[in-house]
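# Observations on the model geometry
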Amino acid sequence: MSKTNGIHVAVVGATGAVGEQMIRTLESRDFPIGKLSLLSSPRSAGKIVNFKGQEIEVEVATPEKFEGVDIALFSAGGSVSKELAPEAVKRGAIVVDNTSAFRMDESVPLIVPEVNEDVLHTHNGIIANPNCSTIQMVVALEPIRKLFGLNKVIVSTYQAVSGAGVAAINELNEQSKAILNGSEFTPEILPVKGDEKHYQIAFNAIPQIDKFQDNGFTFEEMKMINETKKIMSMPELQVAATCVRLPVVTGHSESVYFEVNDAGISAEQMKSLLKDSPGIVLEDDPENQIYPMPANCVGKNDVFVGRIRKDLDNDKGFHMWVVSDNLLKGAAWNSVQIAESLLKLGIVK
Ligand code: L14
């Protein structure tokens with residue numbers, strides 16, 4: 001099929017928190033779309049979504065809907081991806097999948113364009129979009145690795161509820177109102193909808209994101225550990241993570257400790273490197289109380305870095321604070337950016 005009339009894009013999970021941002025991002029980037037198919041579960045099908053002034057009806061996602069699709073952006077949960085991504089590929093589409101279903105498959109590229117865009121050439125139909133917390137961290141770490149070397153990373157996250165979807169956003173809002181009004185509430189979604197217990201998120205901090213694994217880490221923490229090594233192509237990198245949910249709607253924050261290989265690097269050198277690195281905005285001016293915060297990064301595609309300090313005991317150790325919109329660079333924007341790379345590299349013509 002000639003693409004002179006534009007690319008046929010499908011968004012699967014079009015009515016979700018991420019799907020909605022995918023549609024808005026395709027719009028604002030002016031992605032060269034010939035046709036946009038919006039797909040969802042039967043529950044959300046029939047809804048009308050506006051795209052560039054056009055009304056598009058959301059349809060039930062079935063294998064046949066991928067006929068003629070060039071690029072399919074998936075964000076409807078792992079089980080939907082496992083079932084339908086291979087069907088889309090069978091029909092000639094390239095899938096950019098924003099779930100954990102295929103990320104660690106050896107034959108699936110796991111892509112953050114600022115870090116490993118070239119790996120897109122090795123795709124077999126499915127390309128994985130990494131976990132939100134992992135993406136913003138590796139954007140900040142990659143320029144450091146390149147210039148100074150990197151051997152150890154310890155991260156603690158302060159994650160927003162929107163990563164867990166629209167139901168979690170509603171739960172935070174409703175709970176906050178209930179607590180301020182002194183009325184009763186029953187936690188039902190967080191920390192993990194399918195887990196046994198649910199806890200208050202409003203005015204609280206929950207040190208569990210996704211399910212616990214046998215090694216005592218949660219799955220979110222293991223995603224950060226394994227995906228970082230894969231994206232940076234550094235199986236030997238030492239990585240540890242603690243992931244915590246906060247009562248913030250959108251914008252993940254991270255306290256990152258890392259150790260470089262080179263001795264004698266100053267915090268100023270680290271700052272000037274990050275200031276000029278792709279996808280990063282440096283906000284680091286303690287004298288004027290300038291540092292990144294989630295409330296300021298909502299709606300922006302960049303990764304914001306600040307609070308860069310040299311460790312007081314380890315000459316090769318540094319600390320930084322990394323914030324980004326988890327629905328954009330963490331999900332929708334990274335996926336659309338991958339789609340843009342597919343065009344730029346001539347992989348989709
Ligand atoms: O792995 O609950 O892409 O905030 C990241 C966000 C899983 C859910 C992923 C959350 C998701 C997670």
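Everything that follows concerns the structure shown earlier in this document.
Residues numbered from 1 in each chain as written. Predicted model: local features only at pLDDT ≥ 70, side-chain atom pairs only at ≥ 80, totals over all residues. Heavy atoms only, no water.

### Concerning unusual backbone geometry
Pro 191 follows Leu 190 through a cis peptide bond whose omega is 5 degrees. Tracing the backbone through its elements, the reader meets Pro 191 in the loop between helix H5 (166-181) and helix H6 (219-231). Here the phi dihedral of Asp 210 falls at roughly 70 degrees; this positive angle occurs in a residue that is not glycine. Considering the arrangement of structural elements, one finds Asp 210 in the loop between H5 and H6. Using a relative accessible area of 25% as the deciding quantity, one classes Asp 210 as partly exposed. A positive phi angle is found at Arg 307, which is not glycine, with a value near 55 degrees. (Helix = DSSP H or I, 4+ residues; strand = E, 2+ residues; numbered from the N terminus. Buried < 20%, exposed > 50% of the residue type's maximum accessible area, 1.4 Å probe, protein only.)

### Thoughts on the pairing of strand E2 (residues 33-40)
Within E2, six of the eight residues are buried, leaving the element largely enclosed by the surrounding structure. Here strand E1 (residues 7-12) pairs with E2 via six bridges, running parallel. Bridging across to E2, Val 11 finds its partner in Leu 38. For the crossover from E1 across helix H1 (residues 17-28) to E2, the handedness is right-handed. The pairing of E2 with strand E5 (residues 59-60) spans two bridges and is classified as parallel. Looking at the pairing, Leu 39 lines up with Glu 59 of E5. (Pairing = 2+ DSSP bridges. Right-handed = clockwise from strand over helix to strand, strands pointing away.)

### Describing the packing of aromatic side chains
Considering all chains together, one arrives at three aromatic pairs under this definition. Between Phe 66 and Phe 74, the ring centres sit 5.6 Å apart and the planes meet at 15 degrees, which makes this aromatic pair stacked. On the basis of an interplanar angle of 65 degrees and a centroid distance of 5.1 Å, the ring pair of Tyr 158 and Trp 321 is categorised as edge-to-face. Residue Tyr 158 is located in strand E9 (residues 152-159), and its partner Trp 321 is located in strand E14 (residues 317-324); the two are separated by 163 residues in the primary sequence. Assessed through its relative accessible area of 32%, Tyr 158 is described here as partly exposed. (Phe/Tyr/Trp six-rings, centres within 6.5 Å; stacked < 30°, edge-to-face > 60°.)

### Quick word on the environment of Phe 148
Along the polypeptide, Phe 148 turns up in helix H4 (residues 132-148). Once the C-alpha coordinates of Phe 148 and Lys 316 are considered, the two residues, 168 residues apart in sequence, prove to be 9.6 Å apart. With residues up to four places along the chain from it excluded, the contact list for Phe 148 reads Val 260, Asn 261, Asp 262, Ile 265, Gln 269, Met 270 and Leu 273. (Contact = heavy atoms within 4.5 Å.)

### Quick word on the sheet that holds E9
The strand order across the open sheet built from six strands is E10-E9-E11-E14-E13-E12, with neighbouring strands paired in mixed fashion. Taken across any chain shown, the strands that pair with only one partner, and hence form the sheet edges, are strand E10 (238-245) and strand E12 (280-282). This sheet shows a mean twist of 20 degrees between the axes of neighbouring strands, independent of strand direction. As paired strands, E12 and strand E13 (residues 303-310) are joined by three bridges and run parallel to one another. (Axes fitted to C-alpha atoms, helices over the stretch in contact; angles between N-to-C directions.)

### A few points about the pattern of salt bridges
A full pass over the atoms with the stated rule returns 16 salt bridges. Glu 142 is the salt-bridge partner of Arg 145, the closest N and O atoms lying 2.8 Å from each other. On the criterion of helical spacing, the pair formed by Arg 145 and Glu 142 is a turn pair, its members being three residues apart in helix H4. Relative accessible area serves as the criterion here: at 5%, Glu 142 is assigned to the buried category. Each of Glu 67, Glu 87, Lys 90 and Arg 91 takes part in one network of salt bridges that share partners. (Salt bridge = Lys/Arg side-chain N within 4 Å of Asp/Glu carboxyl O.)

### Details of the sheet that holds E5
In spatial order, the strands read E5-E2-E1-E6-E7-E8; together these six strands make up an open sheet with parallel pairing. Two strands in the sheet have a free side with no partner beyond their single neighbour: E5 and strand E8 (126-128). Here four bridges tie E1 to strand E6 (residues 71-74), and the two strands are oriented parallel to one another. In the strand pairing of E6, Ala 10 is matched with Ala 72.

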